[in-house]
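The primary structure of each chain is shown beneath.
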Amino acid sequence: MKTGAASVLLSICVHAVATYPPLRAQTSPGDQQRLEALKTVVAGDVDSRQKLTQVIVDTLFSYGELGFQEIETSRYLVALLRKEGFTVKEGIAGVPTAWMASWGSGKPVIALGSDIDCIPQASQKPGVAYHDPIVEGAPGHGEGHNSGQAVNIVAALAVKRIMEREKIPGTLRLWPGVAEELLATKAYFVREGYFKDVDAVLFAHVNHTLNVSWGATRQTGMVSVEYTFSGQSAHSGASPWRGKSALDAVELMDVGWNFRREHLRLQQRSHYVIPNGGDQPNVVPSVASVWYYFRELDYPHVNELWAIGRDIAKGAALMTGTTFTERVLGSAWAPHFNKALAEAADANIRAVGLPQWSDADQALARGLQKELQVPERGLATALEPLRGPVTDAERGFGSDDIGDVSWNVPTIALGYPSNIPDLPGHNWANAVSMATPIAHKGATAGSKALAMTMVDLLLRPEIIRDAWTYFREVQTKDVKYQPLVAPTDTPATFLNARKMAEYREPMKRYYYDATKYPTYLDQLGIKYPTIRSAQP
Ligand SMILES: [Zn+2]
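Residues numbered from 1 in each chain as written. Predicted model: local features only at pLDDT ≥ 70, side-chain atom pairs only at ≥ 80, totals over all residues. Heavy atoms only, no water.

1. Digging into the sheet that holds strand E9 (residues 287–296)
An order of E8-E9-E7-E10 is seen for the four strands of this open sheet, with the pairing classed as antiparallel. With partners counted over all chains shown, the strands left at the sheet margins are strand E8 (269–276) and strand E10 (323–332), one partner each. Sheet twist, expressed as the mean angle between neighbouring strand axes with direction ignored, is 20°. In the sheet, strand E7 (residues 221–230) pairs with E9 via 10 bridges, with the strands oriented antiparallel. Residue pairing across strands places Tyr227 opposite Val290, the latter belonging to E9. (Pairing = 2+ DSSP bridges. Helix = DSSP H or I, 4+ residues; strand = E, 2+ residues; numbered from the N terminus. Axes fitted to C-alpha atoms, helices over the stretch in contact; angles between N-to-C directions.)

Here you go:
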């Protein structure tokens, strides 16, 4: 870009970027000025790409693909990144829908990640403040994972442009969290060495506000284990004594676990589903399986919980004369985020601020909150202070396999305000805002903060130095990473194949066509916002 164009951008977006973090002594006033100017340029560049942000967000929303089945999603993102000059390696770590995109050369290596999978049965019309599926029973973005790649890609394109113009060395990597809802791939990316030469990981995740944190979060570690019992089939009416019911074993395991639950640490979270409970009542089930998530605060406690699960499975097998095998389907370390990276990002978050919400945006948020019978406080309008480590007593929550990455390289997770406060999570309600102006504006705000933080990392090497000092001397001083997956475990890429196959055809008719419609709301013919009319 020529200087003239840059100064136009500077003048356009000066309102968006008010203050900057104080720079350290080693940064001269000239350097500081340049840093500030470049942050202004990238923020303006992100603003100028709002159309691209909207198209990515809406397109991925319409694909609504479950973990390991993100075929259209990855095809679209890989094509887009290649068009923008990135080199993309597909099918990494034995996961067909995973990829690693790279651009640039030399240090620092900055890796931007965000999840791409969705939630079973969360199909929902965007902009509608009550349950109204696009395709009944189909998966949908009831977690908002359709937005994070837009945040990352747009930020990367803005930063790439100034790196080219200013000849700033560095490497940008972009990667997807495949099957995050199954916590099923990031430990394998780590095992395959994809973060070995990375200096900092900036992860993006949808939120109701713009924020980062450092230290331990409320999130737990976990291991996802399927127990498959094998018995013997027989005619349930004619000769039940000849059968050994694998389903009985599953039920007894669950009963055993639920009694034991009372005597477990309060921080644990554990839950199960029965993916296979047999075929029909008159055939004694010879095979049945139950799938557990065991969550605890750290590696030793996750392992303790898992060992109890195994003992209970043994007991259930003994009681029923069956045998069992166990298979790990996923795992996660509890995340720990980096202080130096979080502080740098937080300063940029304060400069960007929250989006200007329209009356329509707020009306949708309040309408949905009313529908869910939670306080009608609308969208977030004030930033929260930077959060440090939570205490163990405050912990106990869901998990994210970004934890495995965070114990191998300094990492932060940038939350961006594309969703509505006080939603249940993993639910159709969490999809309502995700292809509306709320998601688009929230993603743009996230992209700006991310791009500005990338400029910091490129031009202020002391941040990466401090990040590694914290990582080595504080975070991993007494805790050493060991994967929960065994060397023989492989990604469970078969998961969700059948479920996705059932819904792919009916969903295809609703894929977003950006060449025909300005937005996905336009394509679906949805009035924004659509709110339940008051009852007479
Ligand atoms: Zn998520």
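Once you've had a look at it, read on.
2. Comments concerning unusual backbone geometry
Here the amide bond leading from Lys107 into Pro108 is cis, since omega sits at -5°, within 30 degrees of zero. The residue after Tyr528, namely Pro529, is reached through a cis peptide bond having omega -10°. Of note, Pro529 is situated in the segment after helix H15 (520–524). In the Ramachandran plot, Gln121 falls in the positive-phi region, its phi being about 60° despite a non-glycine side chain. Mapped onto the elements of the fold, Gln121 is located in the loop between strand E3 (109–115) and helix H5 (148–166). What makes Gln121 exposed here is its relative accessible area of 61%. (Buried < 20%, exposed > 50% of the residue type's maximum accessible area, 1.4 Å probe, protein only.)

3. Section: the sheet that holds strand E12 (residues 411–417)
Strand-to-strand pairing in sheets goes through backbone hydrogen bonds, with the strands running parallel or antiparallel. On the basis of which strands lie adjacent, the open sheet formed by six strands has the order E1-E2-E4-E3-E5-E12 and mixed pairing. Since the sheet does not close on itself, it has two edges, and those belong to strand E1 (87–90) and E12, each with one partner. When the angles between neighbouring strand axes are averaged without regard to direction, this sheet yields 20°. In the packing of helix H12 (residues 437–459) onto the sheet, the strands contacted are E3, strand E4 (170–177), strand E5 (200–207) and E12, and the crossing angle to E12 comes to about 150°. (Contact = heavy atoms within 4.5 Å.)

4. What to know about the packing of aromatic side chains
Each aromatic ring pair is summarised here by two numbers: the centre-to-centre distance and the angle between the ring planes. Tallying each qualifying case throughout the model produces 20 aromatic pairs. Between the aromatic rings of Tyr227 and Phe324, the centroid separation amounts to 6.2 Å while the plane-to-plane angle is 50°, which identifies the pairing as tilted. Residue Tyr227 is found in strand E7, and its partner Phe324 is found in strand E10; the two are separated by 97 residues along the sequence. By relative accessible area, which is 0% here, Tyr227 ends up buried. By relative accessible area, which is 23% here, Phe324 ends up partly exposed. Between the aromatic rings of Trp257 and Phe294, the centroid separation amounts to 5.0 Å while the plane-to-plane angle is 55°, which identifies the pairing as tilted. Taken together, the residues span a long stretch of sequence, with Trp257 in helix H7 (residues 246–260) and Phe294 in strand E9 at a distance of 37 residues. The exposure class assigned to Trp257 is buried, which follows from its relative accessible area of 0%. (Phe/Tyr/Trp six-rings, centres within 6.5 Å; stacked < 30°, edge-to-face > 60°.)

5. Regarding the pairing of E3
With seven of its seven residues buried, E3 lies for the most part within the structure. Neither face of E3 is left uncovered, since the one carrying Val109, Ala111, Gly113 and Asp115 and the one carrying Ile110, Leu112 and Ser114 both have all their residues buried. In this structure, E3 lies alongside E4, joined through seven bridges in parallel fashion. Across the sheet, the residue bridging to Val109 is Thr171, located in E4. With respect to chirality, the unit in which E3 leads through H5 into the neighbouring parallel E4 is right-handed. (Right-handed = clockwise from strand over helix to strand, strands pointing away.)

6. Here's the deal with the nonpolar core
Core analysis: the biggest nonpolar cluster contains 153 residues, and Phe86, Trp175, Phe195, Tyr227 and Phe229 have the highest contact counts within it. Of all hydrophobic cores here, the second largest spans 12 residues; its members include Leu364, Ile420, Trp428 and Ala429. (Core = buried A, V, L, I, M, F, W, Y, C linked by side-chain atoms within 4.5 Å.)

7. Things to note about helix H8 (residues 299–320)
Its 22 residues place the ends of H8 32 Å apart at the C-alpha level, agreeing with the 32 Å of an ideal helix rising 1.5 Å per residue. Buried within H8 we find Tyr299, His301, Val302, Leu305, Trp306, Ile308, Gly309, Ile312, Ala313, Ala316, Ala317 and Thr320. Immediately downstream of H8, the backbone of Gly321 shows phi near 65°, a positive value. (Expected span 1.5 Å × (residues − 1).)

8. Quick word on the packing of H7 against H8
Between H7 and H8, whose axes approach to 8 Å, the crossing angle comes to 135°. Classified by the interaxial angle, the pair formed by H7 and H8 is oblique. Between H7 and H8 lies a crossing whose hand is right-handed. Counting all contacts with H7, which are made through Asp248, Ala249, Leu252, Met253, Gly256, Trp257 and Arg260, the residues of H8 involved are Leu305, Ile308, Gly309, Ile312, Ala313, Ala316, Met319 and Thr320. For the contact of H7 with H8, the residue count by class is 10 nonpolar, three polar and two charged. (Parallel < 35°, antiparallel > 145°, perpendicular 65-115°, else oblique. Left-handed = near helix turned anticlockwise from the far one by under 90°. Nonpolar A, V, L, I, M, F, W, Y, C, P; charged D, E, K, R; others polar.)

9. Some words on helix H13 (residues 461–475)
With 15 residues, H13 extends 20 Å from end C-alpha to end C-alpha; this agrees with the ideal 21 Å at 1.5 Å per step. Those residues of H13 not exposed but buried are Glu462, Ile463, Ile464, Ala467, Trp468, Tyr470, Phe471 and Gln475. Buried-residue contacts for H13 involve strand E6 (215–216), strand E11 (336–337), helix H9 (339–352), helix H11 (402–406) and H12.

10. Notes on the pattern of salt bridges
Opposite charge on two side chains makes pairing possible when the charged atoms of those side chains draw close. If you walk through the whole model with that rule in mind, you get 30 salt bridges. A salt bridge links Asp45 to Arg161, with the shortest nitrogen-to-oxygen separation between them at 3.3 Å. Of this pair, Asp45 sits in helix H2 (residues 29–48) while Arg161 is found in helix H5, placing the two residues 116 residues apart along the sequence. With relative accessibility at 1%, the residue Asp45 sits in the buried group. Classification of Arg161 as partly exposed rests on a relative accessible area of 33%. Linking Lys186 and Asp115 is a salt bridge whose minimum nitrogen-to-oxygen distance equals 2.9 Å. Of this pair, Lys186 sits in helix H6 (residues 186–191) while Asp115 sits in strand E3, placing them 71 residues apart in sequence. For the pair shown, Lys186 and Asp115 are each scored as buried. Sharing partners across several salt bridges, the network here consists of Lys39, Asp456, Arg460 and Glu462. (Salt bridge = Lys/Arg side-chain N within 4 Å of Asp/Glu carboxyl O.)

11. Quick notes on the side chain of His205
Looking at where His205 falls in the secondary structure, it is placed in strand E5. A polar contact of 3.0 Å, which involves the side chain of His205, links it to the side chain of Glu143. In this structure His205 touches Asp115, Glu143, His145, Asp400, Leu414, Gly415 and Tyr416, once residues within four positions along its chain are discounted. (Polar contact = N/O pair within 3.5 Å; in protein donor to acceptor, adjacent residues only side chain to side chain.)

12. Some words on the confidence of the model for the protein
When pLDDT is averaged along the protein, the result is 94, and 95% of the positions lie at 70 or above. Taken together, the stretch residues 1–25 has pLDDT below 50 and engages in 38 contacts with residues farther than four places along the chain or on a different chain. (pLDDT = per-residue confidence, 0-100.)

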